[in-house]
Every structure is written in structure tokens, then in C-alpha cells.
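Chain by chain, the residues run as shown.
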Amino acid sequence: MTTSVSASSSATAHHSLAGHEVVLLLETDPHDGLTSQQVTERLTRFGPNALPASKGAGLLLRILRQFHNPLIYVLLAAGAITAGLGEYVDSAVIFGVVVINAIVGFIQESKAEAALEGLRSMVRTRARVVRDGHEQTVPSDGLVPGDLVLLDAGDKVPADLRLIRLAELRVNESALTGESVPVAKDEVVLPEPIPVADRRNMAYSGTLVTTGSGAGIVIASGAETELGEIHRLVGAAETLATPLTQKLAGFSKILTIAILALAAATFGVGLLRDQDPVETFTAAIALAVGAIPEGLPAAVTITLAIGVARMARRRAVIRRLPAVETLGSTTVICSDKTGTLTENQMTVRTVWTSAGPYEVTGSGYSPEGTLHDNTGTPVSAGTEQALLWSLLVGAACNDAALTEQDTRWMIVGDPTEGAMLVVAAKAGLNSDRVTGLLPRLATIPFSSERRYMATLHRDTTADTAPDNIAGHPAAHVVLVKGAVERVLDLCSAQMSADGTLRPLDRIAVLRAADDLAGQGLRVLATAMRPLKPGAFDPDGFGEDTLPAGMVLTGLQAMLDPPRAAATSAVSACRTAGIAVKMITGDHAATATAIAGRIGLLDQPQHGNGCDRGMVLTGTDLAALTAEEFPEAVDRAAVFARVSPEQKLRLVEALQARGHVVAMTGDGVNDAPALRQAGIGVAMGESGTEVAKDAADMVLTDDDFATIEAAVEEGRGVFDNLTKFITWTLPTNIGEGLVILAAIMAGAALPILPTQILWINMTTAVALGLMLAFEPKEAGIMTRRPRDPDQPLLTRALMLRIMLVSGLLVAGSWWLFEWELAHGASLAEARTAAMNVFVVVEAFYLFSCRSLTRSAWRIGIFSNRWVIAGVTVQAIGQLAITYLPAMNTVFGTAPIGWGAWLRILAIAVAASLVVAADKWWRSTLDQT
Ligand code: ATP
């Protein structure tokens, strides 16, 4: 059957139709959704629910953008003037270089953009839909018009929807309207001409659900959505700018001015000395051309892009490029506990009731295992009433589902709830039985702020529940499970083994809970309250109307083992001078026990010097004065029972203490803290779309160790950038100085502008770029984090750059003069001088592979890229020296063996000097 369904939101004003009309129009079902057959048909007809790849700026514009750089302006002017002077070959070479530079830049930029785009698809958005009457999770690009989509807090709306059911649904529509205050939605029919921002009965693709839940019918997908429309108009252009590239752009401007001034001065000096104006001018151009580091911007982008790819391989997906740089400077990592430092695989180990503790056997989510009392006797749910009701509450006040797939038991939903289903099943209370006994009427969902979940049920347990529970047999029963203190606050009594009520012994319950939490177990309390017929209106069930005087039935304590790699990652961070802090909504005792197990408490925290990190709770934090707050936060290693709002304050306080903070988060309310942190880290598996949207980095495996790996890669990226700059600048400075010296001395130029361009372009690509592939140095995680304000080049490196520049000038000048004095032609002497530059730079490249260790210690052949690059460069040098065509273009001439030996001798001598400098520096650092 083909449908008359239209996929465009603009064709029909769906907001002005009633929900059932939209259902009819789109030939769907408001409860069962589409059938699989309809989905397949519509997918072929409307295509995937994805925005077409952004074309960004036009091709021509993007190529032209490559010329928009002050350094390139200078080159263009030089080329034009050279042509004006009749030096057509030189002019052609200059223009050639500019064009090659633009092409390389363009290709690299496109590749980097494509890489970032590719990363984005690694974090795929999923959507919950109802199809064929079953709820399922599907990739959001599989949605079609007519699909029935379910929304929950934290979701990104996957397509344009006409809402048909909702509960307190609020949506942040800033992606569409720019308005960041969440908009309350409802189902009412609206008049036709009404702006998008006021269409309260619609939820638009790309917007974020901040609270509540709802269901809607897809009325437009992919490019037909409102977001698709905007995308078409704007063409989202990705910016590749980072603080570093911006700094470099600034540096380029200053450099250009300096180079121009120097070139002008050179020209002036030449004229004053009555030198030939044309020759002097050519020299001034040579100076300008030589001193410009053309390859620098491309090298920086490539190094960053390679870093991003390496991080992705280690399961850290970078969403914003500046994060690559910031990672290397991270001084504090604030991590969630559940799921990041722990496995988030919960198993109830103990159920405690007023009759005592019951131990639970079995592992994982398989419902095989038994409960037994402290004499070791197996018990069933019917053994005692408090146990029965604790298990019933755990299983009925629960949104998870336990399923068996290919003989493996799995949980759909929250693992905490999954564990409670499993323990109930172990005692013979499977979900079907529980739902049969207690059909659910209403829900107050769990939230991290509330820390409990409550449900209202019709009570059919009168037969199982003894009459002596107040109010039984009852029409309704309220069930609550959640954090112990929160549930205790709602209780006034507790259930005995025989089901009778007795006054609540708060202290005894808290002691039992502390004991369990001290073993690293997550403890939840369960409570119930029967309601007499007519005593309660099920429609009015909400947080404010929750009846007082609940009856505590018991505690359930579950094990969530620390992740295997967490301990070693925490210790690696410590060695790297990075403090790790746990921020959790869990109980302080549970958090402390887990923190102790992974070595979090042993690390000296910043700002103190004491050996054990403190444990602070949300209440402790609230009691601190504004003055005490930052210092206390700096000293603590564990923050327990912290609310998401407090996370933002924690980040701000740490930043005020000068820290670069990486902060993890997964919920809707974590978004402000993630945005504030230097590196906001979201969870790829369990995190909400809102959190991912706010984050700089997404962990596809949710594992803490991945953050540590990303920091390591971040440091590597910075190292490689530093290495490239340390390697490339001497060439530019050396070339500039050689020309300057020649003019000052009134001598012939030892190298020509075209030769300089050859050196700069070929060595940057064949030699310098290979440093971007340099593996990380061995001790990279034993250093302290890089100070973000610290300049890229330390004093020692600046001195090394000057040293190598000096060696290049001395070596090339000496050889140029020597060759001339021994009968070589000017072209031959220049060819020898040019080769000095290239060969010294090639030798120096090996030294630059490590900033501190000698080339021998890291192994000459350990980076195959470098070897390949040197080989290519060598072939290039032979070509420019011996090929007649290239001789004509570049003004070179073939040289003999003797000259090559002298060049090699200079390169070896220069390498020895650099090695001595390195050795001397490292001994200096050690003393
Ligand atoms: P983090 O991931 O930051 O370590 P968390 O998962 O430990 O956080 P929350 O999920 O906010 O923290 O849980 C806080 C407390 O709320 C838990 O210690 C537990 O007592 C209670 N709780 C957790 N999940 C549920 C749930 N599904 N229903 C009822 N109560 C819950």
C-alpha cells in the first residue's frame, strides 16, 4: 500500500490539527506506531532521517580563503614585483609556491573537517520508538514520517514531532530559536499562522528535552525538518580555530610586519651602499620569502587532526578541537563514580530487614541464586513479610526490564533497578507475577535531585498481606525506593518479620546502611504505604501529594565493582601530576569505600600536601563559606551526595584555584558544569544527548581510563607541535640571517629566493610534517601538566633554535665562500649552500624527535615516516642539483663528491653541537 503521507512540515500545518487528525493523516497508530512494513516503505520513499552533508562555503571561496594570510600577501607582492622586474622564472616559482601552499592547505583543511565530521557520526543518536506495538531503540536516522517517538528528559528530539501525549514536557529550543529558557509543551490545537517558537504542541528536531516525558508522531524527517531548513540556509561551517591556531595567526601578523620592516631596511642599506637596486630588491625579497614559515599553519592543523584521530582510536571522541590542546594541560579530573570508575553492573548482595540481613548468591543479571539468612538457611519471599515487601517494592517500583537473549541475561534500563528485579526473581517474584499483584497506576520518576522513585499501584495482595498492616486490605498502595536518608524522611514506621508495624528505629537502620555502604555497596531503602479505598485520588499522585507515614520494609545493598583499569589509570594520573576527584550522588560511605579501593584517597591533592584526600558531602559543601569553599574543594578527593547544581560550583572553585578541569557528566543537569569545565566529558553509552551536546569530548566506552588516555594523547599532540616549531624555525631564521649578512657585507647572495622557497616548501612537507606522526615519548605521563599560559617554546628551546640558526648561517656561509675560493661557479657555490640547509635540517629532524633525549636513545629508525620523508627529500635534492631543467628554474648547478662530503661534515658537526646542548641541558635539569 502506498501512502499519501507527505514528509514536509511546511506542506501541512500539523500544529493546527488535532492529535488524532495527524495520526489519520500520517496513517499511523497512536499506541502501536507504524508496522515494520510501513517503516521499510517510507524509508525508501523519504530517505534516512539525516541532514545532507554540509557543503559549507563554496569550493572557490574555500580555496581563496587559503590566500587570506598576511604572509601569503607578502609572497604575492614579491611575485608581482619580481615579474615587474622581468624576472619571470623567479616570479613563476614564487607564484607556484603560493599555489602549492594553498592546495596543500585546502586539502589538509578538508581532511581535518572530514575527520571531525566522521567523529561526529561515531556518537550516534538513538531514538525510542513504538513500532508493531513494541517499544524499541533505533538509530535516529532510521525514523520515518508517522513513527511514534517517545521522549524523556535528556533526549535530543530526533525529528519534527506533533506531540500527542506528554507529562511536564519542557524543551530547550535554543538550537532553533536562540531562546535558551526551556519551553513548556502541551497538546492543544493551535491556530495556523503562528511562529515556530510558539508552536507548543510540536517538538522540533535538534532541540533538547530538559524535563518530563512525552510521545509524538514524526511529521517531518531529515532535510524536511525545520532544522534541515536552517541547515540549508546557513550551511554549517565548521571552524578549525583553537587557542593555539589563533595565537599562531597573531604571531604570523607580527612576524610579517617584522619581516617587512627588516626587508625594507635591507633594501635601504643596499641603496645607501650604492648597490644595484634590482639586485638589492631581489635580496630583500629573498629575506622576506625565507623568513616566512609557510608550512606552519598547515602543520599545526595536521598535528591536531592526527591527535584527534589517535584519541578516537582510544575511544575518546573530540567534539571541539580546542579540547585537544586543553587536555594536555589538565590538572584535575572530576569523575562520576557509577559507570565511569565502576562497571555499573549492579548485583544485590544483601537484603536487610528488621529481622536481620539476608545474603544473596549468584552473579550478573542471571536470576539464578538464592537468599539465605545468617544461619545459612535458604529463604524464599514468603519467609517473612518485610523481606517479601522489600522485594516487591524493589521489583514493582521499577522501570527496568530483565530479558534473556541467547542464554545471556540482560537489563534494559537502569542497572540499579535491574539488580532489584534480579534479586526479586531469585526469591521467586518474577516481573509478571509482580505486575499481576501490583498493577501500576502512576509514577514519580527517579531523578538525581529527588534521589527516590515512587509509584502508586492497585493492591491485589490482600491475601498475602496480613490484616494487621494498617489499612489492609487496601485499594491502593504507594511504593518508594531510593537513597536511605531520603526514604527514611518519608517513613514513620517499619515493618516487622510478621508484617506488623513498629516504630521506626532510625538509628538502627542508618547503622545497618552505613555498615553495608562501608563495604562499598550501594544501599537503597524500600518503603510502602497501603491506602484505604477512596482515601486517595490516583490522578493526583505527585511529589507534593505523596502520603506521609510510609512504612520502611528494608534495605537492599548492591555491589558495583570498580572498573579493572580504573586503579591503574588513577595511579597514572597521579604520576602525571593530575588530581582525580570522585563526584557522586551516592552515599559517602559507599563512595569512600570504592575510592579507597581504586587508590583515590592516597593521592596528595593539590593545594595541600597532606597524604589523604578528604571526603565531603553535598551538605558539607553547602555549609562552607565562600572563602572556605575553594580551598576545601581543592583538598577533597571524594564528593558524595552531590547535586548536579553543586557540580558547577565545584568546577568554578577549582578554576578559581588555577586548575584546568576535566569534568564528567551524563544527566541533563550536568550540562552547565560540562560547559564551564575546560574539558566537559560526556558518556557515549549512558549519557543523555543534552550532556553530549554540552561536552567537548565523548567517551564511547564510558570508562575513566579513556580520559587518562586522552590526556596522554593531548600531551603528545602538544609535544609534536613544539617539536615541529623547534625544527622549522631555524630554517627561516637561518635563511633570513644569511641574506641579511650578505647584504650587510655587500657580498653575493649565498642562496637565491627561489632556492629558499624550494627549501621551505619541500622540507616542511617531506621532513617537518613527519614529526606529526611521532609516537608519544616514553615519560610523557611522568611530567607535570603543561601550564596553559606557558609559551609554546621554553627558554631552552628558544636558545636551541638560535643555536641551530647560527650553525646554519655559519655552515652555509663558510661553504659558499670556500667553494667560490676553490674555483666553483656562483651557481655551484649556491647549490652547495642550499644543500647545507637541507642536510643540516634533515639531521636536525632526528634530534627534534625528542626534545630532551638524544636521537640515538629513541632509535634512529623508530619512526618510519621520518625515514620515508628523508628519502623523498634526498631524491628531491638530487633532482634540483642534477636535473638540467631544475637547474634552469632554480639557478642551481651540479656539484661534485667533495662538496657533498663537506656538506655532510657540516651536518655531522652541527648535530654533535645540538647533541651536546641537549646533554648539557638534561644534566642541568637533573641537578
Ligand atoms: P554518579 O554516576 O555521579 O556516581 P550515581 O549514579 O551514584 O552518580 P545517582 O544516580 O544520582 O548517583 O543516584 C543517587 C542516589 O539515588 C543513589 O545513591 C541511590 O541511593 C539513589 N538511586 C539511584 N538510582 C535510583 C533509582 N533508579 N531509583 C531510586 N533511587 C535511586
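Structure shown above.
What comes next is a walk through the structure.

Rules used in this analysis
- Residues numbered from 1 in each chain as written.
- Predicted model: local features only at pLDDT ≥ 70, side-chain atom pairs only at ≥ 80, totals over all residues.
- Heavy atoms only, no water.
- Helix = DSSP H or I, 4+ residues; strand = E, 2+ residues; numbered from the N terminus.
- Expected span 1.5 Å × (residues − 1).
- Buried < 20%, exposed > 50% of the residue type's maximum accessible area, 1.4 Å probe, protein only.
- Arc of directions from axis to C-beta.
- Polar contact = N/O pair within 3.5 Å; in protein donor to acceptor, adjacent residues only side chain to side chain.
- Contact = heavy atoms within 4.5 Å.
- Pairing = 2+ DSSP bridges.
- Axes fitted to C-alpha atoms, helices over the stretch in contact; angles between N-to-C directions.
- Near = heavy atom within 4 Å.
- Parallel < 35°, antiparallel > 145°, perpendicular 65-115°, else oblique.
- Left-handed = near helix turned anticlockwise from the far one by under 90°.
- Nonpolar A, V, L, I, M, F, W, Y, C, P; charged D, E, K, R; others polar.
- Phe/Tyr/Trp six-rings, centres within 6.5 Å; stacked < 30°, edge-to-face > 60°.
- Lys NZ or Arg CZ within 6 Å of the ring centre and 35° of its normal.

## Focus on helix α21 (residues 644-656)
Part 1 of the reasoning: With 13 residues, α21 extends 19 Å from end C-alpha to end C-alpha; this agrees with the ideal 18 Å at 1.5 Å per step.
Part 2 of the reasoning: Buried within α21 are the following residues: Pro 644, Gln 646, Lys 647, Leu 650, Val 651, Ala 653 and Leu 654. For α21, the arc enclosing every buried residue in end-on projection is 165°, short of the 170-degree limit, so these residues lie on one face.

## Description of the side chain of Asn 201
Part 1 of the reasoning: Position of Asn 201 among the secondary structure elements: in the loop between β5 (183-184) and β6 (202-203).
Part 2 of the reasoning: At a separation of 2.8 Å, a polar atom in the side chain of Asn 201 contacts the main-chain carbonyl oxygen of His 15.
Part 3 of the reasoning: Setting aside residues up to four positions removed in sequence, Asn 201 forms contacts with His 15, Leu 161, Arg 162, Leu 163, Asp 186, Glu 187, Val 188, Val 189 and Leu 190.

## Thoughts on the sheet that holds strand β8 (residues 316-318)
Part 1 of the reasoning: Strands sit in the order β8-β28-β27-β26-β9-β23-β25-β24 across an open sheet of eight strands; the sheet is mixed. Both edges of this open sheet fall to β8 and β24 (614-617), since each of them pairs with a single strand only. Adjacent strand axes in the sheet meet at a mean angle of 20° when their direction is disregarded.
Part 2 of the reasoning: Where strand β26 (residues 661-665) and strand β27 (residues 679-683) come together, four bridges link them in parallel fashion. Bridged to Gly 665 within β27 is Ala 682.

## Let's talk about the site of the ligand
Part 1 of the reasoning: Around the ligand there are 20 residues in total, and Thr 338, Asp 414, Arg 522, Thr 584 and Asp 586 lie nearest to it.
Part 2 of the reasoning: For the ligand, a nitrogen atom lies 2.9 Å from a polar atom in the side chain of Asp 414.
Part 3 of the reasoning: Between Arg 641 and the ligand, the recorded distance is 3.0 Å, taken from a side-chain N or O atom to an oxygen atom.
Part 4 of the reasoning: Counting residues per element, the ones that place at least two in the shell around the ligand are β18 (476-483) and β21 (522-531).

## Points about the packing of helix α16 (residues 506-518) against helix α18 (residues 588-597)
When two helices pack together, their arrangement is given by the angle between the helix axes and by the axis-to-axis distance.
Part 1 of the reasoning: Here α16 crosses α18 at 20°, and the two axes come no closer than 7 Å. Compared by their axis directions, α16 and α18 come out roughly parallel. Here α16 and α18 pass one another in a crossing that is right-handed. In contact with Asp 514, Ala 517 and Gly 518 of α16, α18 contributes Ala 589, Thr 590 and Ala 593.
Part 2 of the reasoning: Here the contact of α16 with α18 is built from residues that sort into three nonpolar, two polar and one charged.

## Things to note about helix α29 (residues 864-882)
Part 1 of the reasoning: Compared with an ideal rise of 1.5 Å per residue, which puts 19 residues at 27 Å, α29 spans 27 Å between its outermost C-alpha atoms and is within 8% of the ideal.
Part 2 of the reasoning: Regarding α29, the residues found buried are Val 866, Gly 869, Gln 873, Gly 876, Gln 877, Ala 879, Ile 880 and Thr 881.

## Notes on the packing of aromatic side chains
Part 1 of the reasoning: As enumerated under the stated definition, the model contains four aromatic pairs in all.
Part 2 of the reasoning: Relative to Phe 890, the ring of Trp 758 has its centre 5.5 Å away and its plane inclined at 65°; by these criteria the two rings are edge-to-face. Here Phe 890 lies in helix α30 (residues 884-890) and Trp 758 lies in helix α25 (residues 753-767), a separation of 132 residues in the sequence.
Part 3 of the reasoning: Taking 6.3 Å as the distance between ring centres and 40° as the angle between the ring planes, the aromatic pair formed by Trp 814 and Trp 818 counts as tilted. Here Trp 814 and its partner Trp 818 are both found in helix α26 (residues 795-821), four residues apart, which amounts to about one turn of the helix.
Part 4 of the reasoning: The partly exposed category is assigned to Trp 818, whose relative accessible area is 26%.
Part 5 of the reasoning: Between the NZ or CZ atom of Arg 649 and the centre of the ring of Phe 629, over which it lies, the distance is 3.9 Å.
Part 6 of the reasoning: Sitting over the ring of Phe 718, Arg 786 keeps its end group 3.7 Å from the ring centre.

Nothing here speaks to function; it is geometry throughout.
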